[in-house]
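Spelled out from the first residue to the last, the chains are:
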Amino acid sequence: MPEAAHKGRGRVAAFSLFGPVFGYASELVENQQVAYIGPVTPGVQWEKLWQMANRCCRTTAQDSEKARWIVTQATRAVIMGADLVAKLPHGEWQMQRGSRRADVGNWSHHDVLITGDMTVPGLTPEQISIKHTRYPQYYVGTP
């Protein structure tokens, strides 16, 4: 397994977004609240999350707006339970090198978003498998 760029232990959530499952963790790092969000479904790369944001945001949206959309999807799942797959109160997680960082300007109680390929060992194969979606057009790829 490649070396982790970021890792932690604490509250971790997994949520489905147009099929794939994504992990979400949040930590205070150097006085900034950082949201770590990335795919946990095998074979799905973190760039797909940005492609989804590109398809769902307005055509003139800048990266900061797309990053806010990504953070909103994670917090929507946790707060509203929408497409929530699992909540782990003391879960371990790690994000591989090769991630992307974006400032979100105190959006939904976060200052920064970091997206990358994520691993959450506490999730089962069933939990990380592709889920049914009514909107498959927003995720184009395999698996």
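This structure is a prediction, so every number in the text was calculated from the model and none was measured.

S.K.: Hey, could you run me through the confidence of the model for the chain in this one?
M.R.: It should be kept in mind that the predicted coordinates are not to be read in detail where pLDDT is low. The predicted model of the chain averages 90 in pLDDT, with 94% of residues at 70 or higher. When pLDDT is averaged over each element of the chain, helix 3 (residues 125-128) comes out on top at 97 and strand 5 (residues 100-107) at the bottom at 88.

S.K.: Can you walk me through the nonpolar core in this structure?
M.R.: Within soluble globular proteins, side chains that are nonpolar tend to cluster in buried spots. Residues Phe15, Leu17, Ile37, Trp69, Ile70 and Leu113 are the most contacted members of the largest nonpolar core, which totals 26 residues. Residue assignment for this core shows that the elements contributing at least two residues are strand 1 (4-16), strand 2 (21-29), strand 3 (32-39), helix 1 (47-56), helix 2 (63-80) and strand 5. Among the elements that make up this core, the one with the highest residue count is helix 2 (six residues). Among the nonpolar cores identified, the runner-up in size contains 17 residues, and Ala86, Leu88, Val112 and Ile114 belong to it.

S.K.: Help me understand the pairing of strand 6 (residues 110-115), please; the structure alone is not making it clear to me.
M.R.: Looking along a regular strand, one sees the side chains alternate between the two faces of the sheet. Along strand 6, five of the six residues are buried, which leaves the element largely enclosed by surrounding structure. Across four bridges, the pairing between strand 3 and strand 6 is parallel. Paired with Val34 across the strands is Val112, a residue of strand 6. Direction of pairing for strand 5 relative to strand 6: antiparallel, over a ladder of five bridges. Considered in strand 6, the bridge of Arg101 is made with Ile114. The antiparallel pairing of strand 5 with strand 6 creates a hairpin that spans two residues between the two strands, and Ser108 there sits at a positive phi of about 50°.

S.K.: Any chance you could explain helix 1 here in plain terms?
M.R.: Because an α-helix packs 3.6 residues into every turn, residues spaced three or four apart end up facing the same way. Buried residues of helix 1: Leu49, Trp50, Met52 and Ala53, and no others. In an axial view of helix 1, the angular spread of the buried residues amounts to 155°, which keeps them on one side of the axis. Turning to helix 1, the residues buried within the fold contact strand 2, strand 3, helix 2, strand 5 and strand 6.

S.K.: Is there a simple way to explain the packing of helix 1 against helix 2 in this structure?
M.R.: For any two helices packed against each other, one specifies the crossing angle of their axes together with the interaxial distance. At a minimum axis distance of 9 Å, the contact between helix 1 and helix 2 shows a crossing angle of 105°. The orientation of helix 1 with respect to helix 2, classified from their angle, is roughly perpendicular. Across from Leu49, Trp50, Met52, Ala53, Asn54 and Cys56 in helix 1, the residues of helix 2 making contact are Asp63, Lys66, Ala67, Trp69 and Ile70. Tallied by class, the residues present in the contact of helix 1 with helix 2 amount to eight nonpolar, one polar and two charged.

S.K.: Explain the layout of surface pockets to me, please; I cannot follow it from the model alone.
M.R.: To find leftover empty space, one rolls a probe the size of a water molecule over the atoms. In this structure, the largest pocket occupies an estimated 430 Å³ of space. Around the largest pocket sit 20 residues that line it, and Arg11, Tyr24, Ala25, Ser26 and Val78 are the ones nearest its centre. Residue assignment for the lining of the largest pocket shows that the elements contributing at least two residues are strand 1, strand 2, helix 2 and strand 4 (84-96). In terms of residue count, the dominant contributor to the lining of the largest pocket is strand 1 (five residues).

S.K.: How should I be thinking about the environment of Val112 in this particular structure?
M.R.: The topology assignment puts Val112 in strand 6. Along the primary structure Val112 and Ser64 are separated by 48 residues, whereas in three dimensions their C-alpha atoms are 9.8 Å apart. Apart from residues lying up to four places away in sequence, Val112 is in contact with Gln32, Gln33, Val34, Ala35, Arg101, Ala102, Asp103 and Val104.

Parameters at a glance
Residues numbered from 1 in each chain as written. Predicted model: local features only at pLDDT ≥ 70, side-chain atom pairs only at ≥ 80, totals over all residues. Heavy atoms only, no water. pLDDT = per-residue confidence, 0-100. Helix = DSSP H or I, 4+ residues; strand = E, 2+ residues; numbered from the N terminus. Core = buried A, V, L, I, M, F, W, Y, C linked by side-chain atoms within 4.5 Å. Buried < 20%, exposed > 50% of the residue type's maximum accessible area, 1.4 Å probe, protein only. Pairing = 2+ DSSP bridges. Arc of directions from axis to C-beta. Contact = heavy atoms within 4.5 Å. Axes fitted to C-alpha atoms, helices over the stretch in contact; angles between N-to-C directions. Parallel < 35°, antiparallel > 145°, perpendicular 65-115°, else oblique. Nonpolar A, V, L, I, M, F, W, Y, C, P; charged D, E, K, R; others polar. 1 Å grid on protein atoms, 1.4 Å probe; cavity = no way out; pocket = protein on both sides within 12 Å on 5 of 7 lines; lining within 4 Å. Points joined across faces, edges and corners; volume = space filled by probe spheres on them.

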